[in-house]
Amino acid sequence: MSHYRPNLRDLEFVLFEMPGATSAYGQGPYAEVDVDTARQVLAEAARLATGKVAASFAATDRQPPVYDPLTREVAVPEAFAESFRAWRDAGYWRLGLPPELGGTPAPPRLLWALAELVLGANPAVFLYAAAVNFARLIHDKGTAEQQKVARLLVERAWGATMVLTEPDAGSDVGAGRAKAVRQDDGSWHVEGVKRFITSGEHDLAENIVHFVLARPEGAGPGTKGLSLFLVPKYDFDWDTGELGERNGVHATNVEHKMGLKASTTCELVFGGERPAKGWLLGEVHDGIAQMFLIIENARMTVGTKAIATLSTGYLTALEYARTRVQGPDISRMADKTAPRVTIVNHPEVRRSLLTQKAYAEGLRALVAFTAGCQEAAALGDPAAAGLNDLLLPLVKGYGAERSSEQLMHALQVLGGSGYLQDYPLEQYVRDARIDSLYEGTTAIQSMDLFFRKVVRDRGASFGALSNRISGYCGPDADLLKTALEEVQSLLGVMIGHLTAEPPRMHLVGENTTRFLHALGDVVVAWLLLTQAEVAAAALPTAVDKAFYEGKVATARWFARTVLPQVTAHLSAAKATDGLLASVPEDAF
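Residues numbered from 1 in each chain as written. Predicted model: local features only at pLDDT ≥ 70, side-chain atom pairs only at ≥ 80, totals over all residues. Heavy atoms only, no water.

Under the annotation held in an unreviewed UniProt entry, the protein carries the name Alkylation response protein AidB-like acyl-CoA dehydrogenase and is attributed to Saccharothrix algeriensis. Heading Cofactor (unreviewed entry) of the UniProt record for the protein holds this comment: "FAD". (UniProt positions renumbered as here; feature names shortened; annotations may be inferred.)

Pasting the structure below:
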C-alpha cells in the first residue's frame, strides 16, 4: 500500500466548489481546459501519484543517490528513476507551458493542485522535473536563438538548476563573488563555486543547464551587478540538441542531509579545470530580476510541498487514531473495568487532529487563493499581481512553519510508533524541515513580507486584502474582525518604529516573524470561515454530509482556538524595547 494519502475530495472542493473558482476554465488563454477536463486530469494524476510516483519514496530515503568522485557524476537509484519516468511519461507537466513549447496553458489553481499531488507523494520527482519552469523563463526572456534551448529543455527532457548560493554568500546573494568574463565569440566564461544547488548533478537527464548568477567583469557591487548565465553540463548543437564536449562545470559532492535525500543537493565548481562556457540570458544584464521569476515559482513550490506533506501526515495520524485502541473513555478513566476505546475518542487526540485538519485545509485554501490571484493577473488584473506578491511569503514562510509544527503533532498521535520507519511520519518530519530553509529562511520571508510587500507597496495590497477579509460577515465574524484589527495594530507598531527619528530598525526586526505568523493565521481563518459558509449552504442536499460538517466544525475550531493567539503577537510586539539589542554577545 502507498504511503501517500491524497485528499482528493478537499482538492475538488477548493478547485470546483468555492465561489469563482471555475471562472477561468475554458476562458481566454485557458480555452482548452474546461472543468470536466480538469476533474479528469486531477483524478488521474492522483492515481498516478499514489502508485508509481510514490513507490520509491521510502526506498530512496534509505538508499539515496550516490556520488562517484572519479567521474564526478551521480547515480540515482533505479527505483526512483522509474518514479520519475512515470511522471515524465504521463505528460501532465506540459500543462502550463506555452503552445510554442508543446504545452497547454491551464489555470494556476489546477497546476498547483497537481503539484500538491506529486510533492506529497514524492517531492524529489517534482523538483527534478522543474526544468520546464526554466524553459518558460528562456522562452519569455531569452533571445530568439536562446529560445532553441527552451525547446530542447522540453523536447529532450533536460534538467535545469537555479544557481545562487555561494559558500560565503548564502542569503546575502549580492555578496556573491562568482564572475563572468566576456569572450570574443559572444559567450562568457563563468568562474566560481556555488553550493546547495538542488538537482545539481544526476543521471535522470542527458544534459543539465545551470542558470547561474555571476558578476560580469567591471559590474558594480550588490545584486544589481549580477547577471544570469546559461551554463550547460555538456556543450550541444543548438539546432539538434546533439551533445558535444563536457563543459567546465562539475559537482564536488552530494550533501548528506537530514531528509529529502532523493533530491541531490550539490556543490558546483565553475571553471576550475577548464572554462565553463555560458550565455547571457536575453543578452541583457538583468540577472536578479530574471532569477526572481524562478525564485517566486520555487517559493510557491516549497510552500505547496510543505502543505502536501502536512496533509498526508494528518491523514496518516487520523487513520492510526481510528484503529489504535488504548485506554478507557476519559469520563470513565477511574473505572478499571471500562472498555478500551480507539484513541480518536480522547479529547487531547481530537484537539490535535482537528488543529492539523484546520491547518492542512486552510493552507491548501491559501495556495488555491494565491493561485487564483495568478489566474486573475494572467487575465489582465494588475491588482491581482500585487496581491499574489503579498501572499507568496505566507505560502512559503508561514506555510512551511505551520506544516512542520503540525507534523510534529501528527507524530505525537502515533506515539512511539511514529518514531519508527514502519510509518512514513518520521520521514515526513525530516523531509519537511528543509521547507523553512529552502528559498530563504522564515526570517527572510518575514522581512520580504514587511519591507518589500507592505512598505515598498505603501500598503496597497495589504489594504486590499484587509478589505476583503473585513467583508466577511458570517459566523464568528467578530473573532475574525478582532484578529484583523490586531494584525493592523501590530503593523502600526512596526511602522511606528520604522518612521521614528532615528528609525528603530532593531525593533522592527524583532517583530517581522510575528507579523508573518499573525497575518497568516488571520488569512487562513478567513479562508476557512468562507469555506464553512459554502459547506453550510451545501449541507441540506449533500450526499457526503460528513465532509461538509467537517468544514463547518474546522472553521469554528480555528476561529475560536487559534485566532485568539493573534492577541499574544500584538502584546509581544508592543512590549519590544531595546532589551534584545542591548544584550552583550557573550551573554547569550
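Novice: Help me out: how do you make sense of the pairing of strand β9 (residues 243-246) in this one?
Specialist: Each regular strand shows side chains that alternate between the opposite faces of the sheet. Where strand β8 (residues 234-236) and β9 come together, two bridges link them in antiparallel fashion. The partner of Y234 across the bridge, within β9, is R246. (Pairing = 2+ DSSP bridges. Helix = DSSP H or I, 4+ residues; strand = E, 2+ residues; numbered from the N terminus.)

Novice: Which parts of the structure should I look at to understand the packing of helix α7 (residues 131-141) against helix α9 (residues 287-323)?
Specialist: Helix packing geometry: the angle between the two helix axes and the distance between the axes. Where α7 meets α9, the axes come as close as 10 Å, and the angle between the chain directions of the two elements is 150°. What the angle tells us is that α7 and α9 run roughly antiparallel. Crossing angle aside, the handedness with which α7 passes α9 is right-handed. The segment α7 lies against α9, with N133, F134, L137 and K141 engaging Q290, L293, I294 and N297. Each residue belonging to the contact of α7 with α9 can be placed in one class, and the counts come to four nonpolar, three polar and one charged. (Axes fitted to C-alpha atoms, helices over the stretch in contact; angles between N-to-C directions. Parallel < 35°, antiparallel > 145°, perpendicular 65-115°, else oblique. Left-handed = near helix turned anticlockwise from the far one by under 90°. Contact = heavy atoms within 4.5 Å. Nonpolar A, V, L, I, M, F, W, Y, C, P; charged D, E, K, R; others polar.)

Novice: For this particular structure, what's the right way to read the UniProt feature "domain: Acetyl-CoA dehydrogenase-like C-terminal" (unreviewed entry) in the protein?
Specialist: Cross-referencing UniProt, the feature "domain: Acetyl-CoA dehydrogenase-like C-terminal" (unreviewed entry) maps to residues 476-581 in the present numbering. Split by type, residues 476-581 is 83% helix and 0% strand. Its first and last C-alpha atoms lie 39 Å apart.

Novice: Help me out: how do you make sense of the pairing of strand β11 (residues 265-270) in this one?
Specialist: Summarising burial for β11: five of the six residues are buried, a large majority. One ladder, built from three bridges, connects strand β10 (residues 249-251) with β11; its direction is antiparallel. Residue pairing across strands places V249 opposite F270, the latter belonging to β11. (Buried < 20%, exposed > 50% of the residue type's maximum accessible area, 1.4 Å probe, protein only.)

Novice: Just to check I follow, could you spell out the packing of aromatic side chains for this structure?
Specialist: Here a ring pair, both rings aromatic, is described through the centre-centre distance and the interplanar angle of the planes. Summed over the entire model, instances satisfying the criterion amount to 19 aromatic pairs. Ring centres of F57 and Y428 lie 5.9 Å apart, and the angle between their planes is 50°; this geometry places the pair in the tilted category. Placement of F57 in helix α3 (residues 57-62) and of Y428 in helix α12 (residues 425-432) is noted, with a sequence separation of 371 residues between them. Each ring, one from F462 and one from F515, has its centre 6.1 Å from the other, and the planes form 50°; the classification is tilted. Here F515 lies in helix α16 (residues 505-538) and F462 lies in helix α14 (residues 460-470), a separation of 53 residues in the sequence. Given the relative accessible area of 7%, F462 is considered buried. The exposure class assigned to F515 is buried, which follows from its relative accessible area of 0%. Ring pairs connect the aromatic residues W158, F236, W238 and W279, which therefore count as one cluster. (Phe/Tyr/Trp six-rings, centres within 6.5 Å; stacked < 30°, edge-to-face > 60°.)

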